[in-house]
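The chain contents come next:
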Amino acid sequence: YFTMAAQDSKNTIFAAPDAANGAGSWSKTDVQLTDAILAQLEDDLCIDKTRIFATGFSFGGAMAIALACTRADVFRGVAFFSGADLTGSCHTTWTKPIAYWASQASQDSSGTPSPTSGRTIQKVAAAVNGCTADPNAINFPAAGQPHTCTNYQDCSAGHPTIYCVFDGAHSWEPKDPGKSTSWAPKEAWAFITQF
């Protein structure tokens, strides 16, 4: 759970599914799989339905984006690492605001479907959340410099939007220069637990 389970062993329920049919990568159809998983969890456990979050890394981040786009009425927010719109879920469906935290590596690649880049999708999230645009959000730090985060301003109530960038390779646990532990899981957890 990206070290987040170590933050709370009593009050948080963590679920880590695989893509449907063991496909190994998430797709649009896995939104329905997520619906089924949530239904089972809600039947079996006592869940605060106002505090359901999605996280993930890489393709898992892509799935978090898909859920932000299609299930903002179910999920309170997303907090993910180096994700992009790899499922193709966000082209026309993202209309509802959702709390949004993401980190991105300077060396994350782009491709299709468009807009696949997390750099592009975070701008869409900010717009949907009613935030003031900030073109500097995608200014990645130079080599040897620590990560930076853009905390978008004037977002709609309850929908903070934060986009963190760092110099380095595709990763969920980047470390700032001179640090032995990663900043990313801790900051993502702090974002989730503010609600």
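Undergrad: How would you explain the packing of aromatic side chains if you had to name every residue and give the values?
TA: Under the criterion given, the structure shown has 10 aromatic pairs. Measuring from centroid to centroid gives 6.0 Å for Trp94 and Tyr100, while their planes differ by 45 degrees, and the two rings are tilted. Taking relative accessible area as the criterion, Tyr100 reaches 0% and is therefore assigned buried. Between the aromatic rings of Phe191 and Phe195, the centroid separation amounts to 5.7 Å while the plane-to-plane angle is 85 degrees, which identifies the pairing as edge-to-face. Members of the aromatic cluster, each reached through a chain of ring pairs, are Phe2, Phe81, Trp101 and Trp172.

Undergrad: Give me the side chain of Asn129: which residues, what numbers.
TA: Following the sequence through the fold, Asn129 ends up in the loop between helix H3 (118-128) and strand S4 (148-151). Take Asn129: its relative accessible area is 0%, and that puts it in the buried class. When sequence neighbours within four positions are dropped, the list of residues in contact with Asn129 reads Pro97, Ile98, Tyr100, Cys155, Ser156, His159, Pro160 and Thr161.

Conventions used here
Residues numbered from 1 in each chain as written. Predicted model: local features only at pLDDT ≥ 70, side-chain atom pairs only at ≥ 80, totals over all residues. Heavy atoms only, no water. Phe/Tyr/Trp six-rings, centres within 6.5 Å; stacked < 30°, edge-to-face > 60°. Buried < 20%, exposed > 50% of the residue type's maximum accessible area, 1.4 Å probe, protein only. Helix = DSSP H or I, 4+ residues; strand = E, 2+ residues; numbered from the N terminus. Contact = heavy atoms within 4.5 Å.

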